[in-house]
Amino acid sequence: MPRNFAGLLRSLDGKPYGAYRDAVGAHDVGGGLAVSLDRAQRDPFAPPSPVRMNIPAEVAELPADALNDQRGRIAAADYLTRALADALAAEGFDRANGTGGSGRIEIDRPGQEILERSSVKLDAAGNVEIRLYAGLPASGRRIRGRAAAELLAEDLPDLVESVLREESRDPAPLRAHVELYRDQEWLRDQLPASGLVAFVGDGAILPRRSGNSDLPLEDSPIAFKSTESLRRSFTLPSGKTVTGMGIPTGVTLIVGGGYHGKSTLLRALERSVYAHVAGDGREWVITREESAAIRAEDGRAVTGVDISLFINNLPSKANTRNFSTPNASGSTSQAANLLEAVEAGAQTLLIDEDTSATNFMIRDERMRALIPDNREPITPFVDRVRSLFTRDGVSTVLVAGGSGAFFEKADLVIAMDAYRPLDVTDQARTIAGVEAPSESGSAPAKASEHARSLDARCFQPRGGHNTKPPRGRGLSAIQIGKDTIDLSALSQIVDSSQTEAIARAITLISQRREPASVRSLIEEVTALIDSEGIDRLAAGKKHPGNLARPRALDIAAALNRYRGLRLA
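Residues numbered from 1 in each chain as written. Predicted model: local features only at pLDDT ≥ 70, side-chain atom pairs only at ≥ 80, totals over all residues. Heavy atoms only, no water.

## With respect to the overall build of the chain
- If you tally the helices and strands in the chain, you get 14 helices and 29 strands.
- A compact globule built from 568 residues would reach a C-alpha radius of gyration of about 24 Å, and the chain, at 26 Å, matches this within 12%.
- Based on the C-alpha atoms only, the size of the chain along its principal axes is roughly 85 × 60 × 35 Å.
- Looking at the chain as a whole, 55% of its 568 residues are labelled buried.
- Looking at the chain alone, contacts between residues at least 24 apart form 72% of all its contacts between residues at least 6 apart.
- Both charge centroids of the chain, one from 70 positive and one from 75 negative side chains, sit 6 Å from each other. (Helix = DSSP H or I, 4+ residues; strand = E, 2+ residues; numbered from the N terminus. Rg over C-alpha atoms; globule rule 2.2 N^0.38 Å. Buried < 20%, exposed > 50% of the residue type's maximum accessible area, 1.4 Å probe, protein only. Contact = heavy atoms within 4.5 Å. Lys, Arg positive; Asp, Glu negative; His and termini not counted. Charge placed at Lys NZ, Arg CZ, Asp CG, Glu CD.)

See the structure below:
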C-alpha cells in the first residue's frame with residue numbers, strides 16, 4: 001500500500017482539527033483504489049466529511065449482464081449499497097469511537113424499497129464510485145492522525161475490497177436482485193395496457209410487524225390469494241410466471257369487517273409504487289407510479305386551487321375557483337389534495353375513509369333531507385367519483401367499512417375476509433338496486449381543466465440573511481430559509497433521501513425565471529434526472545451521497561404545501 005495518504009494523515013496527528021483540510025483531495029491507496037476526501041468537517045461535532053472511493057471495472061469485476069441497462073445499474077447500485085451498509089455495521093464502523101462522530105463511517109442505508117440512489121454510482125463499463133460519510137478521528141478538538149490513517153487508508157479500502165471480492169466470487173445474489181427489479185418494473189410497465197391500476201401477487205405477505213415498522217410480519221400465516229374472477233397471470237422477462245389479483249381501472253371499493261385487511265391492502269398499494277426487496281412480502285404488489293394517496297390534512301396551506309368541483313357557495317363568499325387559505329379544514333384540504341394531484345398527473349387515487357373527512361366523502365339521505373342541497377356548499381366525493389373516471393380518466397381505489405354509499409358507483413367491490421379478497425360486486429349492486437355503476441352526479445367540468453401558473457422564484461429562501469438553499473430535515477420536512485414545508489401527510493415519501501432530493505429539485509425549480517405550471521416544472525426536473533441521472537440534483541457537487549429519486553407527484557405535493565407559494 002502506498003504510504004502517501006497514510007503518511008499525510010499520520011503527519012496531522014495532534015494538530016488542531018481544522019488541519020484535516022490539508023488532506024482534502026484524491027489519494028491512491030493501492031490495488032487500483034482511490035480515496036477522495038471531498039471536504040473536511042469543521043470540528044468533530046459537525047456533520048461528517050464526504051468521502052468517495054473509486055474502483056475501476058477490472059478491480060470490481062461486477063457481472064456485465066447486470067449493468068447493461070439503466071434498471072440493472074439502479075438495482076446493482078442498490079444491492080452494493082446494502083452490502084456495504086451491512087459490512088460497515090458488522091465491523092462496527094457505524095459507531096463512533098472518539099469525540100463527536102469520530103471513527104464512524106456511514107453510507108445511505110436503504111429501506112425495503114429499491115430506489116435510484118446516489119450512494120453508489122455504476123457505469124455500463126462496470127466502474128464503481130462509492131459515496132460515504134466519515135467522522136474524522138479526534139480527541140477533543142485535536143486530530144488523531146494515526147487513527148485517521150488506519151480508518152481511511154487501510155480499513156475502509158480493505159472493507160470495500162472484501163465486499164467487491166465477495167460479489168465477484170459469487171455474483172448470484174447480485175444477479176438475483178437485479179433480475180427481481182427488472183421483472184418488477186417490467187410488470188409495472190404492463191399495467192396500463194392490461195387495463196390495471198395494480199396487481200397483487202398470490203403469496204404476498206401484506207401485514208407489517210407494527211405501525212412504525214415497514215418489515216413484514218414474522219411467521220405470518222396470512223398469505224394473499226386472488227379471487228378467481230380477478231386472477232391474472234404474467235410471464236416475466238426472467239421466464240418466471242406470477243399469478244395474482246388484478247385491480248382494473250375504474251372505481252374499486254374495498255370493504256370488509258374491522259381488522260380483516262382493508263387498510264393493509266391499501267397501504268401495500270400505496271407503497272408499491274416502488275419495487276421491494278426479496279423477502280419483503282410485497283415483491284409482487286405492483287402499483288402504477290402515477291397513483292396518489294389522498295387524505296384530509298387539517299391546517300395545511302392552499303394556494304389558488306380550483307376546488308369548485310367539490311366546494312361552492314361558501315357563506316364567506318370566498319372564491320372556490322381560486323381558493324387560498326393558510327389553514328384548510330378537513331374537507332377543503334382533501335379537495336385541494338385531490339385536485340392538486342390530478343393537476344400534477346395522478347391517474348389513480350388511493351383513499352381510505354379512516355383518513356378522510358366524512359363530509360367530503362358522503363352525505364346520506366337523512367342529512368340531505370334536513371339540510372337541503374342549496375344550503376350545503378360541499379358536493380361529496382361520492383357524487384364525483386364516476387365523472388373523475390369517465391371524464392378525466394382518473395381511477396379510484398377506496399377503502400370503506402362504515403357506509404355503502406359507494407356501492408352504486410363502483411365498477412368492482414372487493415370484500416376482505418381474514419386478509420383474503422372476495423369479489424362481491426354483484427351482491428353490492430343488488431343491495432344498491434342497480435345493475436351497473438350509476439353515472440348520476442356527474443361533474444359539469446373536468447377536474448383537470450384548471451392548471452395554475454407558478455412564479456418559481458418564490459422558492460428562493462426568505463428570512464433576512466439566511467440564503468441557504470432548501471434542504472431536507474429528516475423524512476417529513478424541508479426547510480427553505482425560515483419556512484418549513486410539512487410533508488408528514490405524504491405517505492408515499494418513504495426515505496429521507498427522497499426528501500433531500502425534493503429539496504434539491506426545489507432549488508432547480510427556483511432558478512426558473514418564467515412562470516410555469518406545476519406539471520411542467522416537475523416534468524422539466526424529471527427530464528433532467530432521466531437524461532443526466534440523480535446526480536443532476538447535486539448541482540455539480542462531487543459528493544451527492546444522500547439522494548434517492550422521488551416521484552414527480554411527490555415533488556408537486558411538496559411545492560403545493562409551501563406556505564410562501566406564489567402564483568404568476
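## What to know about the domain arrangement of the chain
- Segmenting the chain into domains produces domain 1 (5-169) and domain 2 (453-561).
- Computed over C-alpha atoms, the centres of domain 1 and domain 2 are 27 Å apart.
- Contact with domain 1, which involves 19 residues of that partner, is made by 15 residues of domain 2.
- Summing both sides of the interface, domain 1 and domain 2 together bury roughly 1300 Å²; the carbon and sulfur share of this comes to 45%.
- Counting across the domain 1 and domain 2 interface gives four salt bridges.
- A salt bridge links arginine 549 to glutamate 116; its shortest N-O distance comes to 3.3 Å.
- Connecting domain 1 to domain 2 are nine residue pairs in polar contact (both at pLDDT 80 or more).
- Secondary structure elements with two or more residues in the side of domain 1 that touches domain 2: strand 3 (49-55) and strand 7 (128-134).
- The dominant element in the side of domain 1 that touches domain 2, judged by the number of residues it contributes, is strand 7, at four residues.
- Along the lines of polarity and charge, the residues of the side of domain 1 that touches domain 2 split into six nonpolar, three polar and ten charged. (Domains from an automatic or database assignment. Buried area = accessible area lost by both parts, 1.4 Å probe. Salt bridge = Lys/Arg side-chain N within 4 Å of Asp/Glu carboxyl O. Polar contact = N/O pair within 3.5 Å; in protein donor to acceptor, adjacent residues only side chain to side chain. Nonpolar A, V, L, I, M, F, W, Y, C, P; charged D, E, K, R; others polar.)

## Description of a positive patch on the surface
- On the surface, Arg39, Arg42, Lys468, Arg473 and Lys541 cluster together into a patch of positive charge.
- Locating arginine 473 in the fold gives a position in the loop between strand 26 (471-472) and strand 27 (477-480).
- Given a relative accessible area of 45%, arginine 473 falls into the partly exposed group. (Patch = residues over 30% accessible without salt bridge, like charges linked within 9 Å, V, L, I, M, F, W, Y side chains within 5 Å. Areas by Shrake-Rupley, 256 points an atom, 1.4 Å probe, with all protein chains shown as cover.)

## Notes on the environment of methionine 361
- Following the sequence through the fold, methionine 361 ends up in helix 8 (residues 358-361).
- In this structure the C-alpha to C-alpha distance between methionine 361 and phenylalanine 407, which are 46 residues apart in sequence, comes to 13 Å.
- Residues in contact with methionine 361, not counting those within four places in the same chain, are Gln334, Ile351, Ser356, Pro380, Phe381, Val382, Leu398 and Phe406.

## Quick notes on the packing of helix 1 (residues 4-11) against helix 4 (residues 145-169)
- Helix 4 packs onto helix 1 with a crossing angle of 155 degrees between their chain directions and a minimal axis gap of 7 Å. Classified by the angle their axes make, helix 1 and helix 4 are roughly antiparallel. The two elements helix 1 and helix 4 meet at a crossing, and its hand is right-handed. Counted together, Phe5, Ala6, Leu9 and Arg10 of helix 1 and Gly145, Arg146, Ala148, Ala149, Leu152, Ala153 and Glu154 of helix 4 form the full contact between these two elements.
- For the contact of helix 1 with helix 4, the per-class residue count stands at seven nonpolar, one polar and three charged. (Axes fitted to C-alpha atoms, helices over the stretch in contact; angles between N-to-C directions. Parallel < 35°, antiparallel > 145°, perpendicular 65-115°, else oblique. Left-handed = near helix turned anticlockwise from the far one by under 90°.)

## Quick look at unusual backbone geometry
- We note that glutamate 61 has phi near 55 degrees; this positive angle belongs to a residue other than glycine.
- Position of glutamate 61 relative to the elements: it lies in the loop between helix 2 (57-60) and helix 3 (70-90).
- Even without being a glycine, tyrosine 259 presents a positive backbone phi close to 70 degrees.
- Topologically, tyrosine 259 is positioned in the loop between strand 15 (251-256) and helix 6 (262-271).

## Observations concerning the sheet that holds strand 26
- Spatial ordering of the open sheet is given by 26-27-28, a layout of three strands whose pairing is antiparallel. The open sheet has two free edges, formed respectively by strand 26 and strand 28 (483-486), since each of these has just one partner strand.
- Pairing of strand 27 with strand 28, which is carried by four bridges, proceeds in the antiparallel orientation. Each residue of the ladder has a partner; that of alanine 477, found in strand 28, is aspartate 486.
- Together, strand 26, strand 27 and strand 28 form the strand contacts of helix 12 (residues 496-510), whose direction differs from that of strand 27 by roughly 30 degrees. (Pairing = 2+ DSSP bridges.)

## Re the UniProt feature "domain: MRB1590-like C-terminal" (unreviewed entry) in the chain
- Mapped onto the present numbering, the UniProt feature "domain: MRB1590-like C-terminal" (unreviewed entry) falls at residues 472-567.
- From the first C-alpha to the last, residues 472-567 spans 24 Å; its make-up is 41% helix and 11% strand. (UniProt positions renumbered as here; feature names shortened; annotations may be inferred.)

## Section: the environment of aspartate 483
- With respect to the helices and strands, aspartate 483 occurs in strand 28.
- For aspartate 483 and glycine 564, which are 81 residues apart along the polypeptide, the C-alpha to C-alpha distance reads 8.0 Å.

## Concerning helix 1
- Residues of helix 1 that are buried: Phe5, Ala6 and Leu9. All buried residues of helix 1 fall inside an arc of 100 degrees around its axis, so they share one side. (Arc of directions from axis to C-beta.)

## Describing the pairing of strand 13 (residues 231-235)
- Bridge count between strand 13 and strand 14 (residues 241-248): five bridges; the pairing is antiparallel. Opposite arginine 231, over in strand 14, you have methionine 245 as the bridge partner.
- Between strand 13 and strand 14, which follow one another and run antiparallel, lie five residues, and glycine 239 among them has a positive phi close to 100 degrees.

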